[in-house]
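# Geometric and topological summary
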Amino acid sequence: MGPRGFAVFTAVLVFHSPAVGQEIRGRVLDGATDRPVAGALVRLVDDSGSATSVTLADSAGVYRIGVPGAGVFRLSAERLGYTPMETPPLRALTADAVYPLDLLMGPDPVAIQGFTVETRRVSDEQVDRSVRHMVGLSVRSLRFEPIRYDDIQAHIEAGRVLEDLIRWEAGAGLVVRLTTEGTCYGLRGRCLPIYMNGVPVNQLFAGDWPLDLIYTIVIVSPVDGSIIYPSGAILLYSEGWLR
């Protein structure tokens, strides 16, 4: 695999450490410049195509993602301005290994006027069909209207964060507050779990997701009757996931 391939395999297995557990770690880099791709969304996908873990690359492009056990997996990375990438199959062999793996992303510039991306986007109708499949309900039957791409872009332009966006767009009934365990999106006295593309997000990092990674936000309340999310949920979706 050349130096500008999808991934750079530095080794199959570096060391064993029972305290660490099995994980893949490395950097997400621009394939043309080797500069870090900060805020890239990294997912671990199992052999059936289901995402098992999700994380964000930090400002230096560094990511760490846990591997649930032995098996065959792929890593994917996504970031605005880059072509989404996916590695070839990766075979995890043991329960306590650390696998070093750098991910190279190919630049895919988009024309931007202010903070409005001038390119073909997923339509609201496509989004609604995808959401219905993933939530089990029509968006029209939900208590809260989905937060759409244009609304998210307006908050990006204003320099706001995810907490502000949900607080302002959801309106009455949803209380956003900071707790010792992270950001709580409270409804009916409980914190709703948060998912990114169907994968649970640690509450401690729930407020750190870059808004330009999010295309649509769906809020499912406990009274909506979703069989998939019966206790309610905050669902964040990237554009690539909705296509």
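All values reported here derive from a predicted model rather than from experimental measurement.

### Re the state of the cysteines
Per the stated rule, a full pass over the model turns up one disulfide. In this model cysteine 184 forms its disulfide with cysteine 191; the gap between the sulfur atoms is 2.0 Å. The disulfide joining cysteine 184 to cysteine 191 has a torsion of about -105 degrees about its S-S bond and is therefore left-handed. Residue classification places cysteine 184 among the buried positions, given a relative accessible area of 0%. Of the residues examined, cysteine 191 reaches a relative accessible area of 26% and is grouped as partly exposed.

### As for the sheet that holds strand β15 (residues 190-191)
Read across the open sheet, the three strands follow the order β13-β14-β15; overall the sheet is antiparallel. Of all the strands in the sheet, just β13 (175-179) and β15 have a single pairing partner and so form its edges. Pairing geometry for β13 and strand β14 (residues 182-187), over five bridges, is antiparallel. Each bridged residue has a counterpart across the sheet, and for valine 175 the counterpart in β14 is glycine 186. Of the strands in this sheet, β13 and β14 touch helix α3 (residues 162-170), which is tilted by about 10 degrees from β14.

Reading the values: the criteria
Residues numbered from 1 in each chain as written. Predicted model: local features only at pLDDT ≥ 70, side-chain atom pairs only at ≥ 80, totals over all residues. Heavy atoms only, no water. Disulfide = S-S within 2.5 Å. Buried < 20%, exposed > 50% of the residue type's maximum accessible area, 1.4 Å probe, protein only. Pairing = 2+ DSSP bridges. Helix = DSSP H or I, 4+ residues; strand = E, 2+ residues; numbered from the N terminus. Contact = heavy atoms within 4.5 Å. Axes fitted to C-alpha atoms, helices over the stretch in contact; angles between N-to-C directions.

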